[in-house]
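# Structural overview
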Amino acid sequence: MATTTLTIQNEQGFHVRPAQLFVEKAGQYEATIRVTNAAGDQADGKSMLELMTLGLAKGAQMTLEAEGADADEALRELTQLIESGFGEG
């Protein structure tokens, strides 16, 4: 299992558009993707509805976990997406 902790950088936080982009990217991999907020609430990284329930605003920390054959690649790509601010500038 691959794990990393990240901070949400984009101004609007993890709202609908970033969640959609995240789910689309996560869906490209066979790995199981889990997202955990600072309170310990978890969501399936391939479920937009579950991700939206985490309440990840700008500055919030989140932990990504990926497990499966392509877990390292999935984690690397999802980390890049989050660190880029989901293309919001």
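The structure we're discussing is the one just above.
With that settled, consider the environment of Met62. Looking at the element boundaries, Met62 is found in strand β4 (residues 61–67). Taking C-alpha positions, Met62 is 11 Å from Thr79, a pair spaced 17 residues apart along the chain. Leave out the neighbours within four places in its chain, and Met62 touches Thr4, Thr5, Leu6, Ile8, Val35, Thr36, Leu56 and Ile82.

As a further point, take the pattern of salt bridges. Inspection of the entire model under this criterion finds two salt bridges. With a closest N to O distance of 2.5 Å, Glu11 and Lys58 form a salt bridge. On the criterion of sequence distance, the pair formed by Glu11 in the loop between β1 (2–7) and α1 (16–26) and Lys58 in the loop between α2 (48–52) and β4 is long-range, its members being 47 residues apart.

Here we take up the nonpolar core. By size, the foremost hydrophobic cluster in this structure holds 27 residues, and its most contacted members are Phe22 and Leu64. Those elements giving two or more residues to this core turn out to be β1, α1, β2 (32–37), β4 and α3 (71–83). Ranked by residues supplied to this core, first place goes to α3 with six residues.

So, about the environment of Val23. By the secondary structure assignment, Val23 is in helix α1. Assessed through its relative accessible area of 18%, Val23 is described here as buried. The spacing of Val23 and Gly45 is 22 residues in sequence and 6.2 Å in space, taken between C-alpha atoms. Not counting chain neighbours up to four residues away, the residues in contact with Val23 comprise Gly45, Lys46, Ser47, Met48 and Leu51.

Attention shifts here to the side chain of Thr63. As for its position among the elements, Thr63 is in strand β4. Separated by 3.4 Å, the side chains of Thr63 and Thr5 make a polar contact. Residues in contact with Thr63, not counting those within four places in the same chain, are Thr3, Thr4, Thr5, Arg34, Val35 and Thr36.

Reading guide: rules and limits
- The numbers attached to residues start from 1 for each chain and follow its sequence in the written order.
- Reporting in this predicted model follows two pLDDT cut-offs: at least 70 for local features of residues, and 80 or more for side-chain atom pairs to be given and counted; totals over whole chains, interfaces and linings ignore these cut-offs and use all residues.
- Hydrogen atoms and water are omitted, and side-chain values are computed over all heavy atoms in the structure.
- Each helix is a run of DSSP H or I of at least 4 residues and each strand a run of E of at least 2, with the numbering of both proceeding from the N terminus.
- Contacts between residues were defined by any pair of non-hydrogen atoms, one from each residue, lying within 4.5 Å.
- The salt bridge criterion pairs a side-chain nitrogen of Lys or Arg with a carboxyl oxygen of Asp or Glu, the two atoms within 4 Å.
- In this text, buried Ala, Val, Leu, Ile, Met, Phe, Trp, Tyr and Cys residues form a nonpolar core when linked through side-chain atoms within 4.5 Å.
- Each residue gets one of three labels from its accessible area relative to the maximum for its type: buried under 20%, exposed over 50%, partly exposed in between, using a 1.4 Å probe on protein chains only.
- Here a polar contact means two N or O atoms within 3.5 Å. Within protein one must be a hydrogen donor candidate and the other an acceptor candidate, and residues neighboring in sequence count only if both atoms are side-chain atoms.

Note that every value here comes from positions in space, so none of it alone points to a role or purpose.
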